[in-house]
Amino acid sequence: MSWTKNVLRVDLTSRNVNREPLNMEWAQEYLGQRGLATRYLVEEVDPMVDALSPDNKLILTTGPLTGTMASTGGRYSVVTKSPLTGAVACSNSGGYIGAELKAAGWDMIIVEGSAPSPVYLYLENDHAELVDAGEIWGTSVWATDQWLHTRYQDPLLRIACVGRAAEQGCLYAGVINDLYRAAGRSGVGTVMASKNLKAVACRGTLGVGNIKDPARFLTATAQGKQVLAENAVTGQGLPTYGTQVLMNVINEMGALPTRNMREVQFEGAHKISGEAMHEPRATDGKPNLTTNAACFGCTIACGRISTMDQGHFTIEHKPQYWGASGGLEYEAAWALGTDTGVDDLEALTYANYLCNEDGFDPISFGSTVAAAMELYGMGVITTEDTGGVDFSFGSAKALARAAEMTATGEGFGKVLGMGSRRLCEKYGHPDLSMTVKSQEFPAYDPRGIQGMGLAYATSNRGACHLRGYTVASEVLGIPEKTDPLVTEGKAELVKAFQDATAAVDSSGLCIFTTFAWTLDDIAPQIDAACEGDWNMDKLLEVGERIWNLERDFNLRAGLTGKDDTLPKRLRKEAANVGPAKGMVNELEQMLPRYYEIRGWTPDGTITEETRTRLGL
């Protein structure tokens, strides 16, 4: 079965902590993690609720394969209504805490209400208690982690917590676990902080059992690991360069958004790429990259561990940053570097450290800084706004100072913490916000990768590459190559990726496995572990059901088909160089067909026929 069938309900207002049974009927329909937690959210939360009110709920959730021996089976998600977008939020993270929650006997933790004063949740198997967090409120993620480990004297204690950015109301603050793994997008950490919940500290020693057919599960997972090892991406590229393997690839094809997406290639990309992280520095002869790292149960090990140049201006007098810590992934390197025009690898690493240390999303942060830099170049924002900081594109000092201010909510950092849409609206130029549904873009320009434009526009959580990663097909040829510059067939491609991804996100596995695996590789693992009959067709149906459930929540929250759009810049201003030179994203050619195959009306509403077919 692999579900523990236990839900922990935490009422912060009354300080009651209770166990209840997992709804297994829903588990058969939504599998777990993203899907199942969203089902609980839809059942229990009014879509019109203020995301930062006590009436919103925060759900920490695992999948049925979390904590098992399936490769990458360490994932967990945080599900809530987003304060950044007003839409459904589901943010996925790796590390070790997901497996620890499962080993403690819990499929899901539902947090409701709001504590009158700061608390943290301590879990040790079936023992759960709320503990005063007054001593650690106002401290960073790293300080909180150290304090809790010191208090409990257990090096295997796993901790997920929020930093000062969340406490200060940064709308894209995340929940950070294991020091540098993050449920990072859509402001899920902001919701957690609004409830006066500083951390969840968990120790599980029960293990993960309830496997339906252990022998078949061993065979299925072993076969899956072999496929990953033999694949060029999961067996070579990601372990060696991490997701940063993409920096030069995307730049060369003219789809690397640069300087707030004004351009599509960055002349400094080679200086901040995965390859550059391996190169010895001229200053101290050491590379930025120290080693790669893996999350629980992962045989890919794409994580980056970096050590900065101690003489770099950002940390020259800050020895707390001299040790090894979580390094740059592709999206962070793009947002902090390419989008701001900064090609200083050490400055990017420092900003990324601060995003980890105080818990805020580097994608939204970097994109918001990029918008501020464009406004600064126009003279709309001045040094009077920025606290004396020159916010010109390419300024490593501006990037570093912006990260410091955003981490603590100091000065202009409070404005940056609102996100790109609200910042651009504040200064009278909303068209300069590169967002969908108020969430900032990732690192793929939809003028050069047409399918990603449709994926961004229709994403249920706002602009996101991980809701339908058509880059796999349009760039890497996985599972088959499609032309990134054409629109034909992209509606079908996006829907297929979205549905499959929703199923994978609900399983407890990492989406990066799908560079090598298809659902035909995943279904046997789920079927051997879980009660019921699971095959590729059922998983696709589950994924489609999840996608429509999220869509339904958003529609009832006040979003409409008009929100399925892209910024004017990407629809009207053509790419300036590269293979897509002269092209814009042709969203209007793809969206009607997408609505049609989704079983939605021409204005993007779910039809009654589709609702009935999926059992919504």
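Residues numbered from 1 in each chain as written. Predicted model: local features only at pLDDT ≥ 70, side-chain atom pairs only at ≥ 80, totals over all residues. Heavy atoms only, no water.

(A) Structural view of the overall build of the protein. When helices and strands are counted, the protein shows 25 helices and 17 strands. Dimensions of the protein, computed from C-alpha atoms along their principal axes, come out at roughly 60 × 55 × 45 Å. By residue count, 63% of the 616 residues in the protein fall in the buried class. The contacts of the protein with a sequence gap of at least 6 include a subset with a gap of at least 24, amounting to 69%. (Helix = DSSP H or I, 4+ residues; strand = E, 2+ residues; numbered from the N terminus. Buried < 20%, exposed > 50% of the residue type's maximum accessible area, 1.4 Å probe, protein only. Contact = heavy atoms within 4.5 Å.)

(B) Representation of helix α24 (residues 587-598). In this model α24 runs 16 Å from its N-terminal to its C-terminal C-alpha over twelve residues, within 8% of the 16 Å that 1.5 Å per residue would give. What α24 keeps buried is the set Leu587, Met590, Leu591, Tyr594, Tyr595 and Arg598. Looking straight down α24, one finds that the buried residues subtend no more than 135° of arc, so they occupy a single side. Across α24 from its buried face, at more than 90 degrees, point the exposed residues Pro592 and Glu596. Packing partners of the buried residues in α24 comprise α18 (450-458), α20 (490-505), α22 (536-556) and α25 (608-614). Directly after α24, the chain includes Gly599, whose backbone phi takes a positive value near 80°. (Expected span 1.5 Å × (residues − 1). Arc of directions from axis to C-beta.)

(C) Local environment of the pairing of strand β4 (residues 76-81). The buried fraction of β4 is high, at six of six residues. For strand β3 (residues 58-62) and β4, the ladder comprises four bridges, and the chain directions are antiparallel. When the bridges of β4 are listed, Thr62 appears paired with Tyr76. Bridge count between β4 and strand β5 (residues 88-93): six bridges; the pairing is antiparallel. Paired with Lys81 across the bridge in β5 is Val88. (Pairing = 2+ DSSP bridges.)

(D) Fine view of the sheet that holds strand β15 (residues 325-326). Strand order in the open sheet formed by three strands is β13-β14-β15, with antiparallel pairing between adjacent strands. This sheet does not close on itself; its edge strands, each paired only once, are β13 (289-293) and β15. Relative to β15, strand β14 (residues 303-306) runs antiparallel, the two sharing two bridges. Of the residues in β15, the one forming a bridge with Ser306 is Ser325.

(E) Region of interest: the environment of Glu20. With respect to the secondary-structure elements, Glu20 resides in strand β2 (residues 16-21). Exposure remark for Glu20: the relative accessible area of 23% places this residue in the partly exposed category. If near-sequence neighbours (up to four positions away) are discounted, Glu20 is found in contact with Lys5, Asn6, Val7 and Arg9. Of note is the side chain of Glu20, whose polar atom sits 2.8 Å from the side chain of Arg9. (Polar contact = N/O pair within 3.5 Å; in protein donor to acceptor, adjacent residues only side chain to side chain.)

(F) Structural context of helix α11 (residues 330-338). Most of α11 sits out of view: nine of its nine residues are buried. Every buried residue of α11 is listed here: Tyr330, Glu331, Ala332, Ala333, Trp334, Ala335, Leu336, Gly337 and Thr338. On its buried face, α11 is in contact with α9 (246-252), α12 (345-358), α13 (362-377) and α15 (396-408).

These figures come from the coordinates and say nothing about function on their own.
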